Amino acid sequence: MRKYYLLLTLIALLVSSCEKDDFCIEPITPNMVIRFYNATNITQTKSVEDLSVTPEGFDELYSNANLDSILIPLDVTSNQIIYNLSSESNIDIITINYDVEEVFVSRSCGFKAIFNNVSVTSDVSNDWIIGLTETLENTITIPTIDNETAAHVKIFH
Amino acid sequence: MLKFFIKTCLLILFVNVSAQQKNDSIPKDSIVYKTNYGLRLGIDISKPIRSILQDYNSGLEIVGDYRISKKWYAAAELGNEKFTTREDFTNSTSRGSYIKIGLNYNSYKNWLDMNNEIFTGFRYGFATFEQTLNNYQINSNPLLPALINNVPITVKGLTAHWSELVLGFRAEVYPNIFLTFSGSYKIMVSLNDPVNFKTHYAPGFNRVYTSNTGFGFNYTISYLIPFRKK
């Protein structure tokens with residue numbers, strides 16, 4: 001009987017050592033969170049009508065949406081990404097510059113990137129975007145983007 | 001759940017061992033069958049087989065034990081290993097050497113002069129190794145291109161200390177030649193991780209699971225150098 005228990009234990013050990021115990025559930029590379037606000041009443045969010053978002057050189061992320069916040073990925077292979085944001089066929093261009101830092105997460109998730117010294121600039125044409133700060137300036141700097149829990153950039157329009 | 005199962009099995013084993021000790025109080029037969037005492041040396045044959053099947057892995061382990069009493073054996077294992085861990089976003093290789101020392105207790109009551117064992121044991125293990133991160137990919141939004149780094153990064157001078165519980169079967173297949181199959185459950189005591197990375201595999205410990213535990217299997221063939229009979 002004892003032999004039988006030992007054999008069972010060894011089989012249990014054998015089976016368990018092959019099973020994957022680790023799934024990627026931790027947050028990976030964060031996207032930039034943008035929230036749209038009303039330029040005439042800066043504490044109020046305001047949805048953008050007919051919003052389209054396209055990173056320059058890549059496929060469109062949002063098309064003809066009606067949203068008050070968006071998530072946009074940053075390119076980890078570069079230090080710059082340019083986004084075309086259009087609302088009712090008025091196009092504004094925002095340029096994002098940043099440094100990429102690689103951070104190890106876990107066995108299953110591997111490495112993620114976080115972004116430091118992020119600067120966001122919108123073009124001066126002001127087709128529909130009026131400003132990026134509460135004083136409606138065209139540039140904002142963010143020390144680091146390492147999570148998606150709150151908006152990183154406010155766009156006033 | 002697994003820990004609970006192992007504990008339960010160990011409990012069953014020890015209960016049986018203690019039950020057996022009670023039987024020892026029965027008056028013994030006047031004929032005493034003598035068994036060999038000596039140094040037993042062998043090698044793990046699972047590692048060379050793995051080296052042949054998977055050219056990116058290799059290893060050698062020498063095992064030895066010395067019988068110190070009727071049921072107790074001092075045991076040690078010495079080995080060297082190279083193992084590549086392939087994950088979804090990283091590929092890393094550990095290379096290094098290890099030593100394990102401890103005791104085995106034979107809970108099997110042999111008939112006559114037979115010399116088989118069902119043993120439980122404890123080991124202290126120590127490894128010194130290096131780990132190379134061969135390549136990795138940044139886990140980022142799939143809508144944009146991924147960053148893949150192929151420049152290997154090697155971190156040397158890593159160490160690991162652990163404790164190990166062993167369960168095994170040993171059979172004397174020819175006079176003084178033994179085949180052993182054993183499994184072990186390991187608990188890491190201290191482990192170095194490379195800066196901004198993790199040790200995925202420690203030689204001797206095998207894969208380091210998230211709870212800092214590990215499993216091991218040995219299939220060994222060994223020869224007993226008999227010093228005396230008693």
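The rules behind each value
Residues numbered from 1 in each chain as written. Chains lettered and ligands numbered in written order. Predicted model: local features only at pLDDT ≥ 70, side-chain atom pairs only at ≥ 80, totals over all residues. Helix = DSSP H or I, 4+ residues; strand = E, 2+ residues; numbered from the N terminus. Buried ≥ 20, exposed ≤ 12 C-beta atoms within 10 Å, placed from the backbone. Contact = placed C-beta atoms within 7 Å. Pairing = 2+ DSSP bridges. Axes fitted to C-alpha atoms, helices over the stretch in contact; angles between N-to-C directions. Core = buried A, V, L, I, M, F, W, Y, C linked by C-beta atoms within 7 Å. pLDDT = per-residue confidence, 0-100.

(A) Quick look at the overall build of chain B. A tally of regular secondary structure across chain B gives two helices and 11 strands. Order of helices (α) and strands (β) in chain B, N terminus to C terminus: α-β-α-β-β-β-β-β-β-β-β-β-β. Looking at chain B as a whole, 29% of its 230 residues are labelled buried. Considering only intrachain contacts with a sequence separation of at least 6, the fraction spanning at least 24 residues in chain B is 61%.

(B) Layout of the overall build of chain A. In terms of regular secondary structure, chain A is built from one helix and nine strands. Tracing chain A from N to C terminus, the helices and strands come up as α-β-β-β-β-β-β-β-β-β. Counting only residues that meet the buried cut, chain A has 27% of its 157 residues in that class. Once local pairs closer than 6 in sequence are excluded, the contacts in chain A between residues at least 24 apart make up 53%.

(C) Structural view of the sheet that holds strand S4 (residues 69-72) of chain A. All names here are of chain A. Taken in spatial order, the three strands of this open sheet run S4-S1-S9, and their pairing is mixed. Each edge of the sheet is formed by a strand with only one pairing partner; in this case those strands are S4 and strand S9 (153-156). Each neighbouring strand pair of the sheet contributes to a mean axis angle of 25°, computed without reference to strand direction.

(D) Spatial organisation of the sheet that holds strand S3 (residues 62-67) of chain A. Residues and elements named next belong to chain A. Within the open sheet, the six strands sit side by side as S3-S2-S5-S6-S7-S8. Their pairing is antiparallel. Whereas interior strands pair on both sides, the edge strands pair on one side only; in this sheet they are S3 and strand S8 (139-145). Shown here is a sheet whose adjacent strand axes are inclined to one another by a mean of 30°, direction ignored. Bridge analysis of strand S2 (residues 48-55) against S3 gives three bridges, and the strand direction is antiparallel. Within S3, the residue paired with Leu51 across the bridge is Ala65.

(E) Local environment of the nonpolar core. Within the largest apolar cluster, 32 residues are counted, with the highest numbers of intra-cluster contacts made by A:Leu74 and A:Ile155. Residue assignment for this core shows that the elements contributing at least two residues are strand S1 (32-37), S2, S4, strand S5 (80-87), strand S6 (90-106), strand S7 (110-122) and S9 of chain A together with strand S5 (117-137) of chain B. Apart from residues no more than four positions distant in its own chain, A:Ile155 is found in contact with A:Ile34, A:Phe36, A:Tyr37, A:Ile129 and A:Leu132. Listed in part, the 10 residues of the second largest apolar core include B:Ala127, B:Ala160, B:Tyr201 and B:Ala202.

(F) How the structure looks around unusual backbone geometry. Residue and element names in this part refer to chain A. Although it is not a glycine, Asp50 sits at a positive phi angle of roughly 50°. If you trace the backbone, Asp50 turns up in strand S2. With a phi close to 50°, Asn64 is a non-glycine residue in the positive phi region. For Asn64, the position within the fold is in strand S3.

(G) How the structure looks around the environment of B:Phe119. Turning to its location among the elements, B:Phe119 is positioned in strand S5. When neighbours within four sequence positions are excluded, B:Phe119 is seen to be in contact with B:Asn104, B:Tyr105, B:Asn106, B:Ser107, B:Gly168 and B:Arg170.

(H) Structural context of the confidence of the model for chain B. Per-residue pLDDT for chain B averages 88, and the proportion of residues at 70 or more is 87%. Listed scores for the predicted complex are pTM 0.77 and ipTM 0.76.

(I) Structural detail: the pairing of strand S11 (residues 213-229) of chain B. Alignment of strand S1 (residues 36-44) of chain B against S11(B), held across nine bridges, turns out to be antiparallel. Counterpart to B:Tyr37 in the pairing with S11(B) is B:Arg228.

(J) Just the environment of B:Lys156, in detail. Residue and element names in this part refer to chain B. Among the structural elements, Lys156 can be located in strand S7 (residues 153-174). For Lys156, a count of 12 C-beta atoms within 10 Å corresponds to the exposed category. Sequence-wise, Lys156 and Phe129 are 27 residues apart; in three dimensions their C-alpha atoms are separated by 6.7 Å.

(K) Quick look at the environment of B:Gly79. Residues and elements named next belong to chain B. Tracing the sequence through the fold places Gly79 in strand S3 (residues 72-86). C-beta crowding within 10 Å serves as the criterion here: with 21 such atoms nearby, Gly79 is assigned to the buried category. Counting along the chain gives 19 residues from Gly79 to Leu60, while the straight-line C-alpha distance between them is 5.5 Å. In contact with Gly79, not counting residues within four places along its chain, are Gly59, Leu60, Glu61, Ile62, Ser97, Tyr98, Pro203 and Gly204.

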